[in-house]
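Topology and contacts: notes
Here is what each chain is made of, one letter per residue.
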Amino acid sequence: GSAMSLYQVLSGRRALTYAVFASGETKANVELQNYGFEFRYRQRILREWLFIEYLGRVSWPREFLIEERETNLGAGIRLEAYFGPAPESWVR
């Protein structure tokens, strides 16, 4: 699989990610099994180390030669917490 992403910082607390992706298997019946686009909005919430991310995705999967590719829409929400050595500015 391969993906290419473009990151856009909106402020110190918010960012966007745009991505295109493709996945497949060499010498399989269907070599290009999936491809699509993805959009993510990420924002820091409540604390310096806590993030929320909203995801939108569209792809065109295909597993078998007899299948027609159909649009597959996806959406998600993710919470992420940063663990590890924190920068000094976060501790104060």
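Calculation criteria
Residues numbered from 1 in each chain as written. Predicted model: local features only at pLDDT ≥ 70, side-chain atom pairs only at ≥ 80, totals over all residues. Heavy atoms only, no water. Helix = DSSP H or I, 4+ residues; strand = E, 2+ residues; numbered from the N terminus. Buried < 20%, exposed > 50% of the residue type's maximum accessible area, 1.4 Å probe, protein only. Polar contact = N/O pair within 3.5 Å; in protein donor to acceptor, adjacent residues only side chain to side chain. Contact = heavy atoms within 4.5 Å. Patch = residues over 30% accessible without salt bridge, like charges linked within 9 Å, V, L, I, M, F, W, Y side chains within 5 Å. Areas by Shrake-Rupley, 256 points an atom, 1.4 Å probe, with all protein chains shown as cover. Salt bridge = Lys/Arg side-chain N within 4 Å of Asp/Glu carboxyl O. Lys, Arg positive; Asp, Glu negative; His and termini not counted. Charge placed at Lys NZ, Arg CZ, Asp CG, Glu CD. Pairing = 2+ DSSP bridges. Axes fitted to C-alpha atoms, helices over the stretch in contact; angles between N-to-C directions.

In this structure, R44 sits in strand 3 (residues 32-44). Owing to a relative accessible area of 15%, R44 belongs among the buried residues under this scheme. In this structure the side chain of R44 is engaged in a polar contact, spanning 2.5 Å, whose partner is the backbone oxygen of G12. Not counting residues within four places of it along the chain, the set of residues in contact with R44 comprises G12, R13, L50 and F51.

Let's shift gears to unusual backbone geometry. Backbone geometry at K27 places phi at a positive 65°, although glycine is not the residue there. Relative to the helices and strands, K27 is located in the loop between strand 2 (14-24) and strand 3. The phi dihedral of L46 falls on the positive side, at around 60°, and the residue is not glycine. Note that L46 resides in the loop between strand 3 and strand 4 (50-59).

This part is about a negative patch on the surface. Taken together, the side chains of E63, E67, E68 and E70 define an acidic patch exposed on the protein surface. Structurally, the position occupied by E67 is in the loop between strand 4 and strand 5 (72-81). We classify E67 as partly exposed; its relative accessible area is 32%.

Scanning all chains against the criterion turns up seven salt bridges. With its nearest N and O atoms 3.2 Å apart, the salt bridge here joins E53 to R78. One end of the pair, E53, is in strand 4; the other, R78, is in strand 5, and 25 residues separate them in sequence. Via salt bridges that share partners, E38, R40, R42, E53, R57, R78 and E80 belong to a single interconnected network.

Structurally, Y82 can be placed in the loop between strand 5 and helix 1 (88-91). A relative accessible area of 39% places Y82 in the partly exposed class. With 31 residues separating them along the chain, Y82 and F51 place their C-alpha atoms 8.4 Å apart.

A few words now on the sheet that holds strand 2. Working definition: the strands of a sheet are paired by backbone hydrogen bonds and lie parallel or antiparallel to each other. In space, the five strands of this open sheet follow the order 1-2-3-4-5, with antiparallel pairing throughout. The strands lining the two open edges of the sheet, one partner per strand, are strand 1 (2-9) and strand 5. On average, each strand axis in the sheet is tilted by 15° relative to the strand beside it, whichever way the strands run. Taken together, the 10 bridges between strand 4 and strand 5 define a ladder with antiparallel strand orientation. Bridging from a neighbouring strand, L50 pairs with A81 of strand 5.

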